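Residue-level structural notes
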Amino acid sequence: MASVHESLYFNPMMTNGVVHANVFGIKDWVTPYKIAVLVLLNEMGRTGEAAVSLMERRRLNQLLLPLLQGPDITLTKLYKLIEESCPQLANSVQIRIKLMAEGELKDMEQFFDDLSDSFSGTEPEVHKTSVVGLFLRHMILAYSKLSFSQVFKLYTALQQYFQNGEKKTVEDADMELTNREEGERKMEKEELDVSIREEEVSCSGPLSQKQAEFFLSQQASLLKNDETKALPPASLQKELNNLLKFNPDFAEAHYLSYLNNLRVQDVFSSTHSLLHYFDRLILTGAESKSNGEEGYGRSLRYAALNLAALHCRFGHYQQAELALQEAIRIAQESNDHVCLQHCLSWLYVLGQKKSDSYVLLEHSVKKAVHFGLPYLASLGIQSLVQQRAFAGKTANKLMDALKDSDLLHWKHSLSELIDISIAQKTAIWRLYGRSTMALQQAQMLLSMNSLESVNAGVQQNNTESFAVALCHLAELHAEQGCFAAASEVLKHLKERFPPNSQHAQLWMLCDQKIQFDRAMHDGKYHLADSLVTGITALHGTEGVYRKAIVLQAQNQMTEAHKLLQKLLIHCQKIRNTEMVISVLLSVAELYLRSSSPTIALPVLLQALALSKEYRLQYLASETVLNLAFAQLILGIPEQALSLLHMAIEPILADGAVLDKGRAMFLLAKCQVASAASYDPPNKTEALEAAIENLNEAKNYFAKVDCKERIRDVVYFQARLYHTLGKTQERNRCAMLFRQLHQELPAHGVPLIDHL
């Protein structure tokens, strides 16, 4: 922490009615709030064990630590906290403070004189080395150092503190009376309470060093584990500015300011605060005291390393590389292997799109294990697994590697990395098209996080891995047509990660994609088109792909084809294989809808080869589905049917509801086309089997509210019922088709050419 200037210890000053020292001159000073806490401690010592129940005393003991360490609060808030723990003691404290504030200065003098008696006797009420004992001794010492004029100012401040508390109590009583008469004003009182809580810290004057350290550590912990419980960015920055006004060299305040600016993506302010943090470390000599002459160079190389990480986060890769080169140079001069390992990890992050980046990563993992850096070693293994998943390695090898990293996590109690590992497994199973396994891993992570609590009752469930797992969960539910469940998950995400939080973009993109898919299912292409802008802002490649899908659905084939070709070149350049296959499938579908199946076949075969090479099972099944459809159009339904039997099992096991419906609809079409050459009994049997499959397809389409496809299904069913001579069923399907046809626009292509 920032160094304490002992020369200022005996130079207390008065600001805003609070006795304090300039630039954290003393570790603690007496304030009216602390006098009130001293009264509480004194009353607890005087009250016998019989007067206070065991549960009340336990609640009071739990309350003491936040009161001693936290910032000053209003008297009304203090009364309320004590009353919640022990109403009887709250009344005694209120009377004692009232007598002291409405009495004379000698009453406060006498109170401090009596405090020393707590340590006297063979069995003292308070031990000198306990938390409460140290607090009492600090207060007695700080009070004894005050001159008479400062004591008088302190007493005046105590009277003002008491009067403000009384005034607030009267206002609250009047408000409660008004709220009983008018129930509609309940929300107004809650808003008033919130505003008072936010102003408590700023109204209390400057914090002591211990209070500042507690405040900074608490807010830093909340920003890491549960950002919603930390102060809002504007309020936190206001408090930090207030701290820095009294002590500009307080390095940790600059670092928390850097973290706070990262929340709102303010690149200028975050860079400014980060540089100030390392400047203050060097100026105050905090590093050199603990590390000797080495401390100065250590601050410089870690400053460069952190600056590189900051630029990398904002996408400034050239600046990040320059800062990283500087960090490597200084670390090599100092022979700092730990810093060099961190630099090596960031070198991989900057060059991970290069073909030889895995060599850097493997070297980094080996070195991290050699130097006993389990955190870096585990992150390296996870990055290696991710890279090899994109390279098409088998799932069993990847899971074995993750199992090895999990052993490291449990051995060294790296709970954060356990979460990341499970989130990684969720993403890998989804990449390979195993939705059931992905769902299981996501639920495992959620149940684990709900059991693990961090300090001060904070649940460590606001990390990035938690957000990723919830987004996967929302998408998986939406794929199965459970839109209400997906909405609940997204609602929970919005509460956990407000729009200004650093991981909010994850659920924003997830929400936009789900809305887009629903609009496309419902045939509302204009609505889907309006959502493309939001998706593009969050993920450029995904946005362009969705725009092409909308253009294709609106029969703007030329524009869609141009956009898909540009996107294909871009994705091949950045080696995004999953998107390359999706684009190839869209291009093939465009050819199929344009009645050009022969042109679509080479494209589909290319997509199938890539899917097999990279072991993307679900995309491979979808490609086979399109190949079967192309063969059906070319007039070889028997071949299409045999292909379909290969692809339909993975789709029905792990596929989205829409894809299951498409597969069953195509199966029915192939059965009907194949039945043309059958004899009458077999033909009737084949057509009835096709009708059953069409019913199943209709149920799947109904789950995702895809009316356009339901219309196609009932049209096909009506034709089959007519062929079988079932007039009543035919009329029912025809009526349903007519209702849907009037409700929806025609898609402008022959029915058989639309998969």
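Predicted model, so just to flag it, every value in this text is computed and none were measured. (Residues numbered from 1 in each chain as written. Predicted model: local features only at pLDDT ≥ 70, side-chain atom pairs only at ≥ 80, totals over all residues. Heavy atoms only, no water.)

**Some points on the environment of S530**
- Note on placement: S530 falls in helix α25 (residues 525–538).
- Take S530: its relative accessible area is 46%, and that puts it in the partly exposed class.
- Counting along the chain gives 17 residues from S530 to K547, while the straight-line C-alpha distance between them is 9.7 Å. (Helix = DSSP H or I, 4+ residues; strand = E, 2+ residues; numbered from the N terminus. Buried < 20%, exposed > 50% of the residue type's maximum accessible area, 1.4 Å probe, protein only.)

**Re the packing of helix α33 (residues 680–703) against helix α34 (residues 707–724)**
- Contact geometry of α33 with α34 gives a least axis separation of 10 Å together with a crossing angle of 160 degrees. One way to sum up the angle between α33 and α34 is to call them roughly antiparallel. Note on packing geometry: the crossing formed by α33 with α34 is left-handed. Contact with α33, carried on its side by T684, L687, E688, A690, I691, L694, N695, K698, F701 and A702, involves R709, I710, V713, V714, F716, Q717, L720, Y721, T723 and L724 of α34 and no other residues of that element.
- Residues of the contact of α33 with α34, tallied by class, amount to 13 nonpolar, 4 polar and 3 charged. (Axes fitted to C-alpha atoms, helices over the stretch in contact; angles between N-to-C directions. Parallel < 35°, antiparallel > 145°, perpendicular 65-115°, else oblique. Left-handed = near helix turned anticlockwise from the far one by under 90°. Contact = heavy atoms within 4.5 Å. Nonpolar A, V, L, I, M, F, W, Y, C, P; charged D, E, K, R; others polar.)

**Regarding helix α27 (residues 557–574)**
- With 18 residues, α27 extends 26 Å from end C-alpha to end C-alpha; this agrees with the ideal 26 Å at 1.5 Å per step.
- For α27, every residue scored as buried is listed here: M557, A560, L564, L567, L568 and C571. Along the long axis of α27, the arc covered by the buried residues comes to 115 degrees, so they all point the same way. In α27, the exposed positions angled more than 90 degrees off the buried face are occupied by T558, K562, K566, I569 and K573.
- Where α27 is buried, its residues contact α26 (540–553) and α28 (577–593). (Expected span 1.5 Å × (residues − 1). Arc of directions from axis to C-beta.)

**Concerning unusual backbone geometry**
- For Q265, which is not glycine, the phi torsion reads 60 degrees and is therefore positive.
- Mapped onto the secondary structure, Q265 falls in the loop between α11 (251–263) and α12 (267–284).

**Regarding the confidence of the model for the protein chain**
- Residues at a pLDDT of 70 or more form 84% of the protein chain, whose mean pLDDT is 81.
- Across the protein chain, α26 holds the top mean pLDDT of 94, while strand β1 (residues 12–15) sits lowest at 34.
- Long-range and interchain partners of residues 183–204, a stretch whose pLDDT sits below 50, account for 22 contacts in this model, where long-range means more than four residues apart.
- Scored below 50 in pLDDT, residues 286–293 makes 10 contacts in the model with residues more than four places away or belonging to other chains. (pLDDT = per-residue confidence, 0-100.)

**Considerations on helix α1 (residues 32–46)**
- For α1, with 15 residues, the first-to-last C-alpha span of 21 Å sits near the 21 Å given by 1.5 Å per residue.
- Counting buried positions over the 15 residues of α1 gives 13, a clear majority of the element.

**What to know about the packing of aromatic side chains**
- In total, this model carries 7 aromatic pairs according to the counting rule given.
- Pairing F665 with F716 gives two aromatic rings, centres 6.0 Å apart and planes at 80 degrees, and the pair type is edge-to-face. Of this pair, F665 sits in helix α32 (residues 657–674) while F716 sits in helix α34; the two residues are 51 residues apart in sequence, bridging distant segments of the chain. Grouping residues by exposure puts F665 and F716 together as buried.
- Between the aromatic rings of Y715 and F737, the centroid separation amounts to 5.4 Å while the plane-to-plane angle is 45 degrees, which identifies the pairing as tilted. Placement of the pair is Y715 in helix α34 and F737 in helix α35 (residues 727–743), with a sequence separation of 22 residues.
- Note on F737: relative accessible area 23%, which makes it partly exposed.
- Put simply, the rings of Y255, Y258, Y277 and F278 touch in pairs and so form one group of aromatic residues.
- The ring of F483 is capped by R518, whose NZ or CZ atom sits 4.1 Å from the centre of that ring.
- Its end group placed over the ring of F665, K669 keeps NZ or CZ at 4.4 Å from the ring centre. (Phe/Tyr/Trp six-rings, centres within 6.5 Å; stacked < 30°, edge-to-face > 60°. Lys NZ or Arg CZ within 6 Å of the ring centre and 35° of its normal.)

**Things to note about the environment of L667**
- For L667, the position within the fold is in helix α32.
- What makes L667 buried here is its relative accessible area of 9%.
- Sequence-wise, L667 and P637 are 30 residues apart; in three dimensions their C-alpha atoms are separated by 9.8 Å.
- Not counting residues up to four positions away in its chain, the partners in contact with L667 are L641, L644, H645, I648 and N693.

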